[in-house]
Amino acid sequence: MEIQAETLALLEWERLGEQVAGFAGSCLGANLCRPLQLAPTLEEAQRRQTETAELLVLDGLTEGGLSFQGVSDHSITVQLCSKGGCAGADELLQLADTLAAARRLRRQIDDDELRPVTTALLEGLRTLPELEQQLRFAIEEGGRVADRASPPLAGLRRQLQSQRQERQSRLQELMRRWANQLQDSVIAQRHGRPVLAVKAGAAGSLQGQVHDSSASGNTLFIEPQAVVGLGNRIAELEAQEQKEERRVLLQLSAAVAAEGDSLMAMQDCLAQLDLGLARARYGAWVGAVKPKLGTEYWQLKDLRHPLLVWQERQEAGTAVVPVSLQIEPPLRVVAITGPNTGGKTVTLKSLGLATLMARTGLFLPCSGTPQLPWCEAVLADIGDEQSLQQNLSTFSGHVRRIARILKALSSLGAAPVPALVLLDEVGAGTDPSEGAALATALLRHLADQVQLSVATTHFGELKALKYDDSRFENASVEFDEVSLRPTYRLLWGIPGRSNALAVARRLGLSEAVLGGAEQLMDEQGTSSVNTVISGLEEQRQRQQEAAEEAAALLMRAELLHEELQQRWQQEQQQKQARQGEAQQQLVGSIREGRKEVRQLIRRLRNPKADGEAARQVGQRLRSLEQEHAPESRPQRHHRGWSPAAGDRVRLLSLGKAAEVLSCSDDGQELQVRCGVMRLTVPLTGIEGLQGEKPAPPEPAPVRIQGRGRRSDSAVRTSRNTVDVRGLRVHEAEAAVEEQLRSVHGPLWVIHGVGTGRLKRGLREWLSGLDYIERLVDAEQGDGGAGCTVVWPR
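Thresholds applied
- All residue numbers refer to positions counted from 1 along the written sequence of the respective chain.
- For this predicted model, a pLDDT threshold of at least 70 governs which residues receive local features, and a threshold of 80 or more governs which side-chain atom pairs are given and counted, while totals over whole chains, interfaces and linings are taken from all residues.
- Each side-chain value is derived from all of the structure's non-hydrogen atoms; neither hydrogens nor water enter the calculation.
- Put simply, DSSP marks the helices as runs of H or I at least four residues long and the strands as runs of E at least two long, and each gets a number from the N terminus on.
- The buried label goes to any residue with under 20% of its type's maximum accessible area, the exposed label to any with over 50%, and the partly exposed label to all in between, with areas taken from a 1.4 Å probe on protein chains only.
- In what follows, residue pairs with any heavy atoms lying within 4.5 Å of each other are defined as contacts.
- Each accessible area value is a Shrake-Rupley result obtained with a 1.4 Å probe; residue values ignore everything except the protein chains displayed when judging cover.
- This arc describes the spread of directions from the helix axis toward the C-beta atoms.
- Among buried residues, those of type Ala, Val, Leu, Ile, Met, Phe, Trp, Tyr and Cys that are joined through side-chain atoms within 4.5 Å constitute a nonpolar core.
- By convention in these notes, a salt bridge is any Lys or Arg side-chain nitrogen within 4 Å of a carboxyl oxygen on Asp or Glu.
- By the convention used here, strands pair only if DSSP detects at least 2 bridges between them.
- The axes used here are C-alpha line fits, helices contributing only the stretch in contact, and every angle between their N-to-C directions lies in the interval 0 to 180 degrees.
- Polar contacts, as counted here, are pairs of nitrogen or oxygen atoms within 3.5 Å of one another; within protein the pair requires one atom able to donate a hydrogen and one able to accept it, and residues that are adjacent in sequence qualify only if both atoms are side-chain atoms.
- The criterion for a disulfide is a pair of cysteine sulfur atoms lying within 2.5 Å.
- Think of a patch as exposed residues, more than 30% relative accessible area, with no salt bridge, where like charges cluster within 9 Å and nonpolar side chains (Val, Leu, Ile, Met, Phe, Trp, Tyr) cluster within 5 Å.
- Think of it this way: Lys and Arg go in the positive column, Asp and Glu in the negative one, and His and the chain ends go nowhere.
- Just so you know, the charge point we use is NZ for Lys, CZ for Arg, CG for Asp and CD for Glu.
- Should an angle fall under 35 degrees it is taken as roughly parallel, and over 145 as roughly antiparallel, whereas 65 to 115 is taken as roughly perpendicular and any remaining angle as oblique.
- By convention the crossing between two helices is left-handed if the near helix lies anticlockwise of the far one by an angle smaller than a right angle, and right-handed if it lies clockwise.
- Between the rings of Phe, Tyr and Trp (Trp by its six-membered ring), a pair exists once the centres lie within 6.5 Å; its type follows the angle of the planes, with under 30 degrees stacked, over 60 edge-to-face, and the other angles tilted.

Q: Whenever I open this one, the overall build of the chain confuses me. Can you help?
A: Scanning the chain for helices and strands turns up 22 helices and 23 strands. Within the span of the chain, comprising 793 residues, buried residues form 39% of the whole. A separation threshold of at least 6 residues defines the contact pool for the chain, and within that pool the share at least 24 residues apart is 66%. Accessible surface for the chain amounts to roughly 44300 Å². Of this, 50% is attributable to carbon and sulfur atoms.

Next up, the structure:
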């Protein structure tokens, strides 16, 4: 499409391609970079973006980066061989280097999990190691056909070496014999034959062929007759050598022709890889980021014109001022106003280049994550189209190009066409009233037909379209009225002023003229409009400063919150660590205490134990009790206070108040209600609302019973009952053993019926204990078969 080619030229697309080509690793990639072909579909553009990202990561992880050293363009060589021609040794050696480079790159890139898109390019790639080995075997470094390539060739070269040595010896002998008749003692070369520099007066005494003479005529260069025959023989051998070398090269060329398709496919693959790597390296150099394609809106934060970035870094240009654009539906047209040289045209070109770069697989010089819709075409009318040869004025040139743009849009399908239209100084170059009317009608037509149109203008009428149609938006380039210079910043939502009088004043125009212009503006009412716009700009500036202050405060608050969060997490981790250590120490102490108590019990149950042994065991038990007694702490509670049903208490674990509903028989547990929750808590887990600590209940009197048989009459209470339902056998054994040490009389063990495994395991273990007298099922009212009554001796 002609207008699309014009747009690429207006946006200096070819210049961008040249810059990207500078990052290619071979001539193959550079040749593909220069045209920078656009992806035909959204899927292909997204694939290229992913390919660029994969190669960027791999290039950064590879020491020294991915290298295309050795890769060359062998299309002419393959074409020559395919037609039966004979390729040169140097060209065939370069082809072998390319095969080796392709194999190396394939090893570095091939990874389906990390680089699926790039690896897919390698499918069907053949690096032909047999062909490479054949070429390197037959051709030495430097491009000489090796002796090992052909036995006849090796024989011819041995004969040549012998003949040349023989000729050299004869020449040396003649030089010694005729030293007085020679002008020089060096064997020279003339027309490929060895000659001696003989004085002209002595030429008759030395037989041979004269090949040349000096400019003065005093020296003749003669090939002695004694070596003429050897020279002829050497010439014959050299001809046979060249013929044999050509025969070897023809064989190698035939081998190359046989793999012509594979070689060209390999070259295309290497070119595509180098193109992707050039895109990745260029993006890294300009600080670009990967865009997201296929969205419903444009979001470009801190977009920089890529050609200006190159100019800044490579040519010491001025710093590039970024622009930010966020264009969301239902917006279809953006009118950018402001003074000349303020950056309006640069904004147009930046947006157009960004859209094209994303489509070709290049990253965008933005910050954040750029988002762009898919555009099948970018069409632009930028610059002056005046042409003396075609008898075109500025206005006529713009109109003709806009006509081509509208024709191209009609061929792209139904409205709204997924395209971007860029118009610079729309409606300029003719009568202002007619130009404004034409520009207004054109932009309204584009709003109906195109996904997005961006136009720059000085017409005040276009600034008012926003207030009549929600598809229109205003933007302007900022102008510093103090320095009377543009800042090149893009402002959204506010129409700009041309500031022509301010610019003219800065350039030194007469104040008389400027005063007259200002008076005319006041009479026409233009000044009041500019005053409104100026007020809007000042209001926007204040809002922006307030927003920046709010953002700074928010950032500080977030940092403070993050710091407090980290401190709290550290304290929680330290607390958990301390609790864990204390828990481990407590478990260790309990195990040691249990172990020692079991030993003391066995000592007491020993039939040989006497009163002294009982006294020692008692002393040891008292010492253990003192060792493991909790540290005494000052108590603020009132002695004798014990909670009762209806009292209000504080739960230590939650820090909240609760109401006591009931107390257990032994007074050690309470059932409380905290809000909507009903909890069972130990007595030690509460305190009064004023900080009072509950007094422990009076311990039950200890009765010393004899060793005789106990009565079967006993009353079941919470103190002599243990519930082991849901526990494993070994866990239930530990719970029952703990309870047996604290009860005096029978113990009711509730194990449930279930499969009977827990009951059998407990009874087998209890039957093996010496201090257990008997095991019976409980009464039906106490659990029946689901409860075992254990009678100690």
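Past the structure itself, the notes keep going.
Q: What is the right way to look at helix α22 (residues 757-767) in this model?
A: An α-helical turn contains 3.6 residues, so any two residues separated by three or four positions project in the same direction. For α22, the set of buried residues is Leu 758, Lys 759, Gly 761, Leu 762 and Leu 766. Looking straight down α22, one finds that the buried residues subtend no more than 165° of arc, so they occupy a single side. Opposite the buried face of α22, at more than 90 degrees from it, the exposed residues are Arg 757, Glu 764 and Ser 767. Of the surrounding elements, those touching the buried residues of α22 are α21 (729-740), β21 (747-750), β22 (772-777) and β23 (787-792).

Q: Would you mind going over the nonpolar core with me for this structure?
A: Taken as a class, soluble globular proteins show a tendency for nonpolar side chains to be buried jointly. Core analysis: the largest hydrophobic core is formed by 54 residues, its most contacted members being Leu 16, Leu 300 and Leu 351. No other element matches the 7 residues that helix α13 (residues 344-360) contributes to this core. Not counting residues within four places of it along the chain, the set of residues in contact with Leu 16 comprises Leu 36, Tyr 282, Pro 306, Leu 307, Leu 353, Met 357 and Leu 362. Counting residues in each nonpolar core, the second largest holds 41 residues, with Phe 68, Cys 86, Leu 125 and Val 256 among its members.

Q: Quick question: what am I supposed to make of the side chain of Glu 245 here?
A: The topology assignment puts Glu 245 in helix α10 (residues 225-258). Residues within four places of Glu 245 in sequence aside, it is in contact with Val 145, Leu 153 and Arg 157.

Q: What exactly am I supposed to notice about the pattern of salt bridges here?
A: Oppositely charged side chains can pair when the atoms bearing their charge come close. Inspection of the entire model under this criterion finds 41 salt bridges. A salt bridge links Arg 157 to Glu 241; its shortest N-O distance comes to 2.8 Å. Taken as a pair, Arg 157 in helix α9 (residues 151-177) and Glu 241 in helix α10 lie far apart in primary sequence, 84 residues in all. Comparing Arg 157 with Glu 241 shows no difference in burial state: the two are buried. Between Asp 777 and Lys 759 there is a salt bridge, with its nearest N and O atoms 3.3 Å apart. One end of the pair, Asp 777, is in strand β22; the other, Lys 759, is in helix α22, with 18 residues separating them in the sequence. Overall, Lys 759 belongs to the buried group, its relative accessible area being 18%.

Q: Help me understand the sheet that holds strand β8 (residues 333-337) in this model?
A: Backbone hydrogen bonds hold the strands of a sheet together, and the pairing may be parallel or antiparallel. On the basis of which strands lie adjacent, the open sheet formed by 6 strands has the order β10-β11-β12-β8-β13-β14 and mixed pairing. Both outer strands of the open sheet, β10 (377-381) and β14 (485-492), are each paired with one neighbouring strand and no more. Direction aside, the axes of adjacent strands within the sheet are offset by 15° on average. Where strand β11 (residues 417-423) lies against strand β12 (residues 450-456), 5 bridges are found, and the strand directions are parallel. Opposite Val 417, over in β12, you have Val 450 as the bridge partner. Taken strand by strand, α13 contacts β8, β10, β11, β12, β13 (472-480) and β14, and its axis lies near 150° from that of β11. The sheet strands contacting helix α15 (residues 432-449) are β8, β11, β12 and β13, and the helix crosses β12 at an angle near 155°.

Q: Would you mind going over the environment of Asp 97 with me for this structure?
A: By the element assignment, Asp 97 lies in helix α6 (residues 89-109). For the pair formed by Asp 97 and Gly 70, sequence separation is 27 residues and the distance between their alpha carbons is 5.1 Å. For Asp 97, the contacting residues outside a window of four places in its chain are Gly 70 and Arg 136. Within polar-contact distance, the side chain of Asp 97 engages the side chain of Arg 136 at 2.7 Å.

Q: Please explain the state of the cysteines as it appears in this structure.
A: A covalent bond bridging the sulfur atoms of two cysteines is what the word disulfide describes. Applying the stated criterion across every chain, the model contains 0 disulfides. No disulfide involves Cys 86; its sulfur sits 7.8 Å from the nearest other cysteine sulfur, which is in Cys 81.

Q: Help me understand the pairing of strand β16 (residues 656-663) in this model?
A: A regular strand places its side chains on the two faces of the sheet in alternate fashion. Pairing of strand β15 (residues 648-651) with β16, which is carried by 4 bridges, proceeds in the antiparallel orientation. From the neighbouring strand, Val 649 faces β16, where its bridge partner is Ala 658. Between the antiparallel neighbours β15 and β16 lie 4 residues, among them Gly 655 with a positive phi of about 75°. One ladder, built from 4 bridges, connects β16 with strand β17 (residues 669-674); its direction is antiparallel. Bridging from a neighbouring strand, Val 660 pairs with Val 672 of β17.

Q: What's the story with a negative patch on the surface in this structure? I'm lost.
A: On the surface, Asp 110, Asp 112, Glu 113 and Glu 123 cluster together to form a negatively charged patch. Within the element layout of this structure, Asp 112 appears in the loop between α6 and α7 (116-121).

Q: Is there a simple way to explain the pairing of strand β6 (residues 298-303) in this structure?
A: Bridge count for β6 against strand β7 (residues 323-327) is 4 bridges, and the pairing is antiparallel. Within the sheet, the bridge partner assigned to Leu 303 lies in β7 and is Val 323.

Q: How should I be thinking about helix α12 (residues 306-314) in this particular structure?
A: The set of residues buried in α12 consists of Pro 306, Leu 307, Val 309 and Trp 310. Viewed end-on, α12 has its buried residues packed into an arc of 155°, placing them on one side of the element. Elements that come into contact with the buried residues of α12 comprise α2 (13-21), α11 (260-286) and α13. The first or second residue beyond α12 is Ala 316, which carries a positive phi of 55°.

Q: What exactly am I supposed to notice about the packing of α6 against α11 here?
A: In helix packing, the relevant descriptors are the interaxial angle and the interaxial distance, both defined with respect to the helix axes. For the pair α6 and α11, interaxial distance at closest approach is 11 Å and the crossing angle is 55°. Overall, the two elements α6 and α11 adopt an arrangement that is oblique. Note that α6 runs across α11; the crossing there is left-handed. Of α11, the residues touching α6 (which contributes Leu 95, Thr 98, Leu 99, Ala 102, Leu 105 and Ile 109) are Leu 263, Met 266, Leu 270 and Leu 273.

Q: Help me out: how do you make sense of the packing of aromatic side chains in this one?
A: Where two aromatic rings form a pair, the distance of their centres and the angle of their planes describe that pair. Applying the stated criterion across every chain yields a total of 4 aromatic pairs. Considering the side-chain rings of Phe 23 and Tyr 282, the 5.8 Å spacing of their centres and the 75° angle between planes classify their relative orientation as edge-to-face. Linking Phe 23 in the loop between α2 and α3 (27-33) with Tyr 282 in helix α11, this pair joins segments that are 259 residues apart in sequence. Residue classification places Phe 23 among the buried positions, given a relative accessible area of 19%. With centroids separated by 5.9 Å and ring planes inclined at 55°, the aromatic side chains of Phe 23 and Trp 285 adopt a geometry described as tilted.

So, to be careful, I would describe these as geometric facts and stop short of saying anything about function.
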